[in-house]
Amino acid sequence: MTLTAGGDLLERGVRACEERGYRVDRPEGGREPAAVAEPTPETEPFGADRPVAVEPVPAADATPTTLVSRLWDDFDRGREALFVVPEAAVPGAVDVLRDPPFLASESADGNRTFYLGPDRVPLADGGYALARPAGEYRWVEEPAAAVERAGGAVDGEETRLVLRAGGGPVAVLDGVDALDCPPADRFPFSYARDDQGRIGVRSHDGTSIGAVDGVRALRDDGFEPVPMPLVPEHVFADPTAAAASWTLASVGPDGLALR
């Protein structure tokens with residue numbers, strides 16, 4: 001039998017906790033997490049000697065958004081996270097959680113490529129950032145000189161946060177902290193709902209482009225809302241501590257294995 005359903009994964013995780021001496025509680029009312037393992041004097045801890053949230057994650061849900069958001073919730077509440085995943089989902093989960101922690105990649109000189117999160121980029125004057133991407137969005141840190149060579153207008157020698165989608169840069173910000181409500185002119189377009197619920201589109205200089213009835217119509221016209229990147233220091237109060245606050249368990253034909 002292939003164990004991929006959340007219920008099967010949960011039961012395997014609960015059993016692993018009980019075998020290590022934890023006392024497992026299951027909150028009522030469908031609250032998350034579905035099980036919390038409390039340490040006892042006989043416990044052999046997975047990591048720190050504190051409560052463990054059992055987090056079953058089916059393969060389809062083993063995404064950066066799911067893993068990071070669940071870990072944030074557990075870390076914020078003083079718990080370890082035990083992610084229980086199907087064996088086939090291990091490489092993707094390891095990429096998110098460990099290799100490097102919470103980042104798509106990191107160069108030798110420390111410039112990072114971020115995963116895309118579920119939120120959109122809000123703008124200082126209201127509305128959200130918008131573009132007509134020629135490929136998948138990527139948020140990356142790059143030296144300012146490299147950005148300028150690729151066609152981005154920058155000053156100075158510091159690292160910039162660059163939104164790319166295909167060839168040249170779509171938008172350039174001063175760094176990850178500039179994601180906090182940047183001005184609309186940093187992006188090709190912006191969008192906002194009016195009083196009638198329609199979505200109005202403006203160019204970077206504020207010129208009205210038109211209005212559509214919804215996000216689907218926006219995408220039909222080639223526009224795509226700009227996603228907020230998952231920046232570790234914006235998600236976690238202490239990314240280093242969070243990166244040491246989880247255990248990965250895989251379920252396969254030979255049972256459960258800790259990774």
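Please refer to the structure higher up on the page.
This structure is a prediction, so every number in the text was calculated from the model and none was measured.

Caption draft 1: Local environment of unusual backbone geometry. Proline 100 follows aspartate 99 through a cis peptide bond whose omega is -10 degrees. Along the chain, proline 100 turns up in the loop between helix H3 (90-97) and strand E5 (105-106). Here the phi dihedral of phenylalanine 102 falls at roughly 65 degrees; this positive angle occurs in a residue that is not glycine. In this fold, phenylalanine 102 is placed in the loop between H3 and E5. We classify phenylalanine 102 as buried; its relative accessible area is 3%. Although it is not a glycine, cysteine 181 sits at a positive phi angle of roughly 55 degrees. Mapped onto the secondary structure, cysteine 181 falls in the loop between strand E10 (169-173) and strand E11 (189-193). For cysteine 181, a relative accessible area of 34% gives the class partly exposed.

Caption draft 2: Representation of the sheet that holds strand E4 (residues 80-86) within the structure. What the six strands build is an open sheet, ordered E1-E2-E3-E4-E16-E17; its pairing is mixed. Of all strands in the sheet, those with a lone pairing partner are strand E1 (23-25) and strand E17 (255-258), marking the two edges. If you compare each strand with its neighbour and ignore which way they point, the axes differ by 25 degrees on average. Note that strand E3 (residues 52-56) and E4 share five bridges and pair parallel. Within E4, the residue paired with proline 56 across the bridge is valine 84. Where helix H2 (residues 64-76) meets the sheet, its contacts fall on E3, E4 and strand E16 (246-252), and the angle it forms with E4 comes to roughly 150 degrees. Along the sheet face, H3 touches E4 and E16 and points at about 170 degrees away from the line of E16.

Caption draft 3: View of the pairing of strand E12 (residues 199-203). Going residue by residue along E12, you find Ile199, Val201 and Ser203 tucked away on one face and Gly200 and Arg202 left uncovered on the opposite face. Looking at chain direction, E11 and E12 are connected through five bridges and run antiparallel. Bridged to alanine 192 within E12 is glycine 200. Turn length for the E11-E12 hairpin, with the two strands adjacent in sequence and antiparallel, is five residues, and the turn residue glycine 197 shows positive phi of about 85 degrees. Bridge count for E12 against strand E13 (residues 208-212) is four bridges, and the pairing is antiparallel. Bridging from a neighbouring strand, isoleucine 199 pairs with valine 212 of E13.

Caption draft 4: Examining the packing of H2 against H3 more closely. Interhelical geometry of H2 versus H3 gives an angle of 55 degrees and a closest axis separation of 10 Å. When the axes of H2 and H3 are compared, the pair comes out oblique. Crossing hand, H2 versus H3: right-handed. Of H3, the residues touching H2 (which contributes Pro64, Leu67, Val68 and Leu71) are Ala93, Val96 and Leu97.

Caption draft 5: Representation of the packing of aromatic side chains. This model, assessed by the stated rule, comprises five aromatic pairs. Residues tyrosine 128 and tyrosine 191 carry aromatic rings whose centres are separated by 5.7 Å and whose planes lie at 35 degrees to one another, so their mutual orientation is tilted. Of this pair, tyrosine 128 sits in strand E7 (residues 128-131) while tyrosine 191 sits in strand E11, and the two are 63 residues apart along the sequence. With relative accessibility at 10%, the residue tyrosine 191 sits in the buried group. Ring centres 5.1 Å apart and planes at 85 degrees place the aromatic pair phenylalanine 189 and phenylalanine 223 in the edge-to-face group. Taken together, the residues phenylalanine 189 in strand E11 and phenylalanine 223 in the loop between helix H5 (215-220) and strand E14 (224-225) connect sequence positions 34 residues apart. For the pair phenylalanine 189 and phenylalanine 223, one class covers both residues: buried. A network of ring pairs unites the aromatic residues Phe75, Phe102 and Phe236 as a single cluster. Arginine 132 extends its terminal NZ or CZ atom over the ring of phenylalanine 189, reaching a point 6.0 Å from the ring centre. Residue placement shows arginine 132 over the ring face of phenylalanine 223; its charged tip is 3.9 Å from the ring centre.

About the cut-offs
- Residues numbered from 1 in each chain as written.
- Predicted model: local features only at pLDDT ≥ 70, side-chain atom pairs only at ≥ 80, totals over all residues.
- Heavy atoms only, no water.
- Helix = DSSP H or I, 4+ residues; strand = E, 2+ residues; numbered from the N terminus.
- Buried < 20%, exposed > 50% of the residue type's maximum accessible area, 1.4 Å probe, protein only.
- Pairing = 2+ DSSP bridges.
- Axes fitted to C-alpha atoms, helices over the stretch in contact; angles between N-to-C directions.
- Contact = heavy atoms within 4.5 Å.
- Parallel < 35°, antiparallel > 145°, perpendicular 65-115°, else oblique.
- Left-handed = near helix turned anticlockwise from the far one by under 90°.
- Phe/Tyr/Trp six-rings, centres within 6.5 Å; stacked < 30°, edge-to-face > 60°.
- Lys NZ or Arg CZ within 6 Å of the ring centre and 35° of its normal.

In short, geometric facts, not functional conclusions.
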